[in-house]
Amino acid sequence: MDKEMTLASERFSNIEDLSYKDDISLFSQIGEFSQMQPFKLDFLVLLVCLNGHGSFNINGVDYRVDAGKMFVCRPHIVVEKSSVSLDFECRGMALSSKFIDQLGLVADGGWDLGMFLGKNPVLSLSEDEISLFMQYYALLGSKITRSYCRHQDAVMQALFRAFRLEFFDIMDRHARLTPLNFTSSEMLFRHFVEVLMSDYPRQRSVEHYASRLCVTPKYLSAVSKSVSGSTASEIINRCIVDDVRRLLHNPNKSVKEISNELGFPNLSFFGKYVKRMLGMSPKAYRKSLCVIAGG
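Residues numbered from 1 in each chain as written. Predicted model: local features only at pLDDT ≥ 70, side-chain atom pairs only at ≥ 80, totals over all residues. Heavy atoms only, no water.

**Thoughts on the nonpolar core**
In this structure, Phe-192, Leu-220, Val-244 and Phe-270 are the most contacted members of the largest nonpolar core, which totals 32 residues. For this core, the secondary-structure elements that each account for two or more residues are helix H6 (184-198), helix H7 (206-212), helix H8 (217-228), helix H9 (232-248), helix H10 (255-261), helix H11 (267-278) and helix H12 (282-294). Of all the elements, H9 adds the most residues to this core, at nine residues. Beyond its immediate stretch of four places on either side in the chain, Phe-270 contacts Val-244, Val-255, Ile-258, Ser-259, Leu-262, Phe-264 and Pro-282. Counting 31 residues, the second largest nonpolar core, distinct from the first, contains Met-93, Leu-117, Leu-140 and Phe-167. (Core = buried A, V, L, I, M, F, W, Y, C linked by side-chain atoms within 4.5 Å. Buried < 20%, exposed > 50% of the residue type's maximum accessible area, 1.4 Å probe, protein only. Helix = DSSP H or I, 4+ residues; strand = E, 2+ residues; numbered from the N terminus. Contact = heavy atoms within 4.5 Å.)

**What to know about the pairing of strand E6 (residues 61-66)**
As judged from the six bridges shared by strand E5 (residues 53-58) and E6, these two strands associate in the antiparallel manner. Residue pairing across strands places Ser-55 opposite Arg-64, the latter belonging to E6. Where E5 hands over to E6, the hairpin turn is made up of two residues, of which Asn-59 adopts a positive phi near 50°. (Pairing = 2+ DSSP bridges.)

**Re the confidence of the model for the protein**
Scored by pLDDT, the protein has a mean of 82; 82% of the residues are at 70 or more. Averaged over each element, pLDDT in the protein is lowest for helix H1 (residues 3-11) (40) and highest for H7 (96). Within the model, pLDDT remains below 50 along residues 1-16, and this stretch shows 45 contacts once partners closer than five positions in the same chain are excluded. (pLDDT = per-residue confidence, 0-100.)

**So, the pattern of salt bridges**
Considering all chains together, one arrives at eight salt bridges under this definition. Linking Lys-21 and Asp-153 is a salt bridge whose minimum nitrogen-to-oxygen distance equals 2.9 Å. Pair noted here: Lys-21 is in the loop between strand E1 (18-20) and strand E2 (24-27) and Asp-153 is in helix H5 (residues 152-177), with a separation of 132 residues, a long-range link. A salt bridge links Glu-261 to Lys-253; the shortest N-O distance between them is 2.9 Å. With a relative accessible area of 25%, Lys-253 lands in the partly exposed category. Counted as one network, the salt bridges with shared partners bring together Arg-202, Asp-243 and Arg-246. (Salt bridge = Lys/Arg side-chain N within 4 Å of Asp/Glu carboxyl O.)

**Structural notes on the packing of aromatic side chains**
Taken as a whole and assessed by the stated rule, the structure comprises eleven aromatic pairs. With 6.0 Å between their ring centres and 45° between their planes, Tyr-63 and Phe-71 make a pair best called tilted. The same class applies to Tyr-63 as to Phe-71, namely buried. Ring centres of Phe-192 and Tyr-209 lie 6.0 Å apart, and the angle between their planes is 70°; this geometry places the pair in the edge-to-face category. Within this pair, whereas Phe-192 is found in helix H6, its partner Tyr-209 is found in helix H7, the two being separated by 17 residues in sequence. No difference in accessibility class separates Phe-192 from Tyr-209, as the two residues are buried. Pairwise contacts between aromatic rings join Phe-133, Tyr-136, Phe-160, Phe-163 and Phe-167 into one cluster. Cation over ring: Arg-204 sits above Phe-264, and NZ or CZ is 4.2 Å from the ring centre. (Phe/Tyr/Trp six-rings, centres within 6.5 Å; stacked < 30°, edge-to-face > 60°. Lys NZ or Arg CZ within 6 Å of the ring centre and 35° of its normal.)

**What to know about the environment of Ser-82**
As for its placement among the helices and strands, Ser-82 is situated in strand E8 (residues 77-84). On the basis of relative accessible area, Ser-82 is assigned to the buried category, the value being 1%. Note: C-alpha distance between Ser-82 and Ile-58 (24 residues apart in sequence) is 9.1 Å.

Following this line, the structure appears as structure tokens:
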């Protein structure tokens, strides 16, 4: 696992029962950390309580999780303490921030969901929903423990994309039962995301979107950080990188055509941007896709 997940997993005790690269961990128990210093959780945790109960303090608020409930810890929250009953049993998944971005949650408009979960992190699940979660947990575990095969990365991503859609369906039911009352900051952030999603090609400057929303860039970034945990610039770049990945998957478009389509001033600027964001040039990224597909 990468550094951020390793440090947090030490706090969570048994969180690393099974892990896949730097992206995914599956766990079946958690320890208590009532005497430890608060720490920031920089990955997404989905925990389903199967037996007993647990108590968690997240961002200064106490939550109780009983059997039949899911606890969702978003990235960037602060965990202060926890306690669990002797008969506590759970199944959970931890996903790195990098992996969440790769799944395209921003491009799929998951920000309302994020705000909903910030206000409602404990969700009651039906028996069918618990069964569905357990099926994915078991299937992912079987893929992690098997010998590595050439399509394993693609299979893991495909499984999580399917799981994401099932999870969104569960959230739809809860969101209908618990309508959101947005604060003024949340409304501004929501409008920012709506404008960003409707823009194509997307502008790279915070100033552009701040001007369209009639606020200062500094204020937009501050609101974005407080609501989502990410600055406006980080969110803009995630959306652009989603576009870059999507277009580079299309072999019928040249790198120059993609650069022009996304509104970059020249090919050199585009190449430097992609290397900074993806860690490799556009051609190298496209080549890596061919390696994954062809083994």
